[in-house]
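The residues making up each chain are set out below.
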Amino acid sequence: MKLLVRILNRLQSVSYAMQRFPTTIILLFFLAIVFSIDVAQANPSASLYIAMRTIIFGVFLSLALHAASEKPKRCKGMMYLPFILIVPVLALVYFLKIFSLHKTGSVDVLRLVIVSFIFLIFFLWIQALRFHVDFGDVFMAFFKAIFTTAFFVGIAWGGLSLILTAVDQLLIHVPENLFSYLSVWSWVFFAPILLISLLPLWDGSRQGEADKQSHCPNFLRILLLYVVIPLIMVYSVVLLMYLAKSFSGNQDQNLLESLILSYCIAVIAAYILTGKLEGKILPVYRLIFPKIMGVVALYQVVVSASHIRDEGIMYGRYFVLVFCVFSVVAAILMSVLPIRRTVLLAIVLTGFAAICVIPPLDAFSISGISQSRLAKEILTRNNMLVSGEIVPNDSLGDSDNQVLTASMMNLCELGQQSRIDGLSDNFTMSNYNEVFGVDADYYVKSEEYVSSFVSLDTSKPLSLDGYTYAFRMGGYSNGDEQKTVSTASFVISEDVYKIIVRNDYDSNLILDITDSDGNLVLTGNLSDLMTSIPLTSSDSKGEDTLSPEEMTFDLSSEEVKVRVVFFSVSRGNATYDADMLILVRMAN
């Protein structure tokens with residue numbers, strides 16, 4: 001009976017959500033239809049993707065408009081404002097193709113994600129301002145609604161999928177598309193409706209529901225106080241130790257950006273969620289750790305900005321810089337303002353996010369300016385840009401070619417090739433040789449992770465040349481640790497020798513051979529050997545398959561001789577990974 005009552009209450013909440021957010025519900029229905037058409041069509045048209053992204057934009061815009069206009073105690077006519085505004089706005093977005101310049105363009109998707117995030121954050125903090133409630137309560141209700149929705153919809157979707165699978169296996173064949181349709185209508189249509197039905201109205205008309213939704217459950221309270229915050233504290237200490245190490249010159253001053261971003265997000269989210277909680281650990285957390293977050297974020301700003309002159313800036317690094325600057329500002333606000341004023345954090349975050357998408361200071365315009373500057377510097381330095389026209393140069397240096405390749409790839413991704421004099425936006429990397437006179441060199445160290453891979457041509461014989469022992473060993477190094485990766489041993493004249501492959505904090509992969517007493521009889525830097533391997537070979541089966549001669553290296557000492565034959569080598573930015581054959585024999 002209690003279960004039936006809870007189901008009826010939830011259905012009543014869904015019905016109330018339809019009355020509260022009618023425009024959003026209608027757009028979600030059309031969005032599910034568009035996704036269903038995408039599933040049904042083998043080759044969807046470009047207009048379908050334009051419609052899809054336009055409707056997604058409309059869903060978040062309608063949420064923001066409903067939140068800004070709902071004030072039932074004062075003006076019921078305001079609830080019709082979204083209906084009046086949404087149609088012309090969506091028509092403008094659709095016909096101008098603001099979010100659909102490319103079918104799967106990352107720039108379009110990122111712009112849509114950021115704009116949707118802006119509307120979502122606005123939807124949350126505008127309620128706190130209009131109804132004079134704590135932003136922590138609004139954020140807690142939204143946080144709980146996300147997990148509740150994911151739990152219930154996940155169970156329902158999983159159960160229905162199992163039923164369809166059973167029918168398909170035991171009774172009749174079920175069309176494969178049916179599973180996709182189920183996913184679309186479960187997660188695109190029903191899940192958002194359930195989510196917004198769990199969000200309370202803060203005008204006092206449903207005060208009991210608002211208090212219940214904003215109350216922190218005991219499980220979450222224990223999780224925050226005794227798991228999340230202690231982990232953040234420990235991780236803060238680790239980051240401070242890293243900073244101290246980097247300032248002493250023992251470490252590359254380049255923190256992992258994703259870890260810094262996740263750390264800042266965790267600190268801010270925990271600060272807001274624990275706003276009304278009490279615990280012995282909270283005063284310490286609120287007093288110290290926002291300041292630590294500010295120091296870490298400021299350090300990352302300096303490190304990222306220091307690379308801009310030589311490497312330029314792409315939107316990925318731009319986002320890191322903007323969010324780290326926001327984290328510094330947030331740290332100051334969290335240190336000087338009372339906990340009940342966290343709504344200012346959301347407002348400031350909205351402003352920083354808006355900067356990322358509003359020209360001329362948006363991420364994509366700044367990225368285009370930066371990358372075109374790098375390309376123009378290369379072209380001008382090599383006398384390839386004359387009177388607004390590009391002059392091919394087949395003697396362009398490798399380093400300049402690498403930078404030019406990276407810059408042109410980034411400009412093509414941004415759709416801003418015309419920033420270079422003599423080029424149009426129709427330029428593609430397939431025209432690189434024709435325009436610049438050399439082949440594009442994709443193996444370049446830039447702000448993004450770039451790797452290369454080569455392997456041994458196994459159709460050709462290996463020269464053993466009198467070697468006594470052979471060991472197949474592997475090794476890797478990324479600069480994050482210092483340990484022994486693999487070992488092997490061999491016996492000559494009752495003396496036991498040991499082969500050790502180890503790495504260090506400088507990203508080196510080292511080969512050591514020791515005797516029975518542990519004395520070092522040979523050492524070699526495998527990373528240097530891998531670096532000297534060519535990236536391509538003209539006499540092998542493929543561009544990433546090299547001959548044994550190109551993959552073989554000899555090392556020697558007074559006691560032993562070693563031949564290293566690499567089966568495969570993977571190189572990245574300060575990372576090495578190798579599969580190799582180690583041949584050993586005595587020197588005499």
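Definitions and limits used
- Residues numbered from 1 in each chain as written.
- Predicted model: local features only at pLDDT ≥ 70, side-chain atom pairs only at ≥ 80, totals over all residues.
- Heavy atoms only, no water.
- Helix = DSSP H or I, 4+ residues; strand = E, 2+ residues; numbered from the N terminus.
- Buried < 20%, exposed > 50% of the residue type's maximum accessible area, 1.4 Å probe, protein only.
- Pairing = 2+ DSSP bridges.
- Patch = residues over 30% accessible without salt bridge, like charges linked within 9 Å, V, L, I, M, F, W, Y side chains within 5 Å.
- Areas by Shrake-Rupley, 256 points an atom, 1.4 Å probe, with all protein chains shown as cover.
- Salt bridge = Lys/Arg side-chain N within 4 Å of Asp/Glu carboxyl O.
- Axes fitted to C-alpha atoms, helices over the stretch in contact; angles between N-to-C directions.
- Core = buried A, V, L, I, M, F, W, Y, C linked by side-chain atoms within 4.5 Å.
- Contact = heavy atoms within 4.5 Å.

## A few points about the environment of Trp 157
Then, number 1: Position of Trp 157 relative to the elements: it lies in helix H6 (residues 135-170).
Then, number 2: By relative accessible area, Trp 157 is classed as partly exposed at 31%.
Then, number 3: C-alpha of Trp 157 to C-alpha of Trp 187: the two residues are 30 residues apart in sequence and 8.5 Å apart in space.

## Overview of the pairing of strand E12 (residues 575-586)
Then, number 1: As defined by bridge partners, strand E4 (residues 469-477) adjoins E12 across nine bridges and the pair is classed as antiparallel. The residue bridging Gly 474 from the neighbouring strand is Asp 579, located in E12.
Then, number 2: Two elements, strand E11 (residues 560-572) and E12, share twelve bridges in a ladder whose sense is antiparallel. Following the sheet pairing, Gly 572 is matched in E12 by Thr 575.

## Things to note about a nonpolar patch on the surface
Then, number 1: A surface patch of nonpolar side chains, amounting to about 620 Å² of accessible area, comprises Phe 219, Ile 222, Leu 223, Tyr 226, Val 227 and Leu 231.
Then, number 2: Its location among the elements puts Leu 231 in helix H9 (residues 218-247).

## Considerations on unusual backbone geometry
Then, number 1: The omega torsion across Pro 359 and Pro 360 is 5°, close enough to zero to call that bond cis.
Then, number 2: Within the secondary structure layout, Pro 360 lies in the loop between helix H14 (343-355) and helix H15 (363-381).
Then, number 3: With phi around 55°, Asn 383 is a residue other than glycine that occupies positive phi space.
Then, number 4: Take Asn 383: it is sitting in the loop between H15 and strand E1 (385-386).
Then, number 5: Unlike most non-glycine residues, Ser 387 shows phi in positive territory, near 50°.
Then, number 6: Within the element layout of this structure, Ser 387 appears in the loop between E1 and strand E2 (389-390).
Then, number 7: Accessibility expressed as a relative area gives 74% for Ser 387, which makes it exposed.

## Some details on the pattern of salt bridges
Then, number 1: Inspection of every chain in the model, using the stated rule, returns eight salt bridges.
Then, number 2: Between Arg 472 and Asp 579 there is a salt bridge, and its shortest N-O distance comes to 2.6 Å. A residue pair is termed long-range when its members are at least 10 positions apart, and Arg 472 in strand E4 and Asp 579 in strand E12 qualify at 107 residues.
Then, number 3: The salt bridge partner of Asp 554 is Arg 563, with a shortest N-O separation of 2.7 Å.
Then, number 4: Residue Asp 554 is classed as partly exposed on the basis of its relative accessible area of 48%.

## Points about the sheet that holds strand E8 (residues 520-525)
Sheet strands pair via backbone hydrogen bonds, and the direction of the pair is either parallel or antiparallel.
Then, number 1: Pairing is antiparallel across the open sheet formed by four strands, whose spatial order is E5-E6-E7-E8. For this open sheet the edge positions go to strand E5 (484-492) and E8, each flanked by a neighbour on one side alone. Strand-to-strand twist of the sheet, defined as the mean angle between neighbouring strand axes without regard to direction, takes the value 15°.
Then, number 2: Across six bridges, the pairing between strand E6 (residues 495-503) and strand E7 (residues 509-514) is antiparallel. By the bridge assignment, Ile 500 is partnered in E7 with Asp 512.

## A few points about the environment of Asp 211
Then, number 1: Relative to the helices and strands, Asp 211 resides in helix H8 (residues 207-214).
Then, number 2: What makes Asp 211 partly exposed here is its relative accessible area of 43%.
Then, number 3: Between the C-alpha atom of Asp 211 and that of Asp 137, which follows or precedes it by 74 residues, the distance is 8.5 Å.

## Comments concerning the pairing of E6
Then, number 1: As defined by bridge partners, E5 adjoins E6 across eight bridges and the pair is classed as antiparallel. In the strand pairing of E6, Thr 487 is matched with Ile 500.
Then, number 2: The antiparallel pairing of E5 with E6 creates a hairpin that spans two residues between the two strands, and Ser 493 there sits at a positive phi of about 55°.

## A closer look at the nonpolar core
Then, number 1: In this structure, Phe 57, Phe 135, Tyr 263, Tyr 285 and Met 293 are the most contacted members of the largest nonpolar core, which totals 107 residues.
Then, number 2: Apart from the residues within four sequence positions on either side, Tyr 263 is in contact with Ile 232, Tyr 235, Ser 236, Leu 239, Phe 289, Ile 292, Met 293 and Val 296.
Then, number 3: Of all hydrophobic cores here, the second largest spans 38 residues; its members include Leu 511, Met 551, Val 564 and Leu 581.

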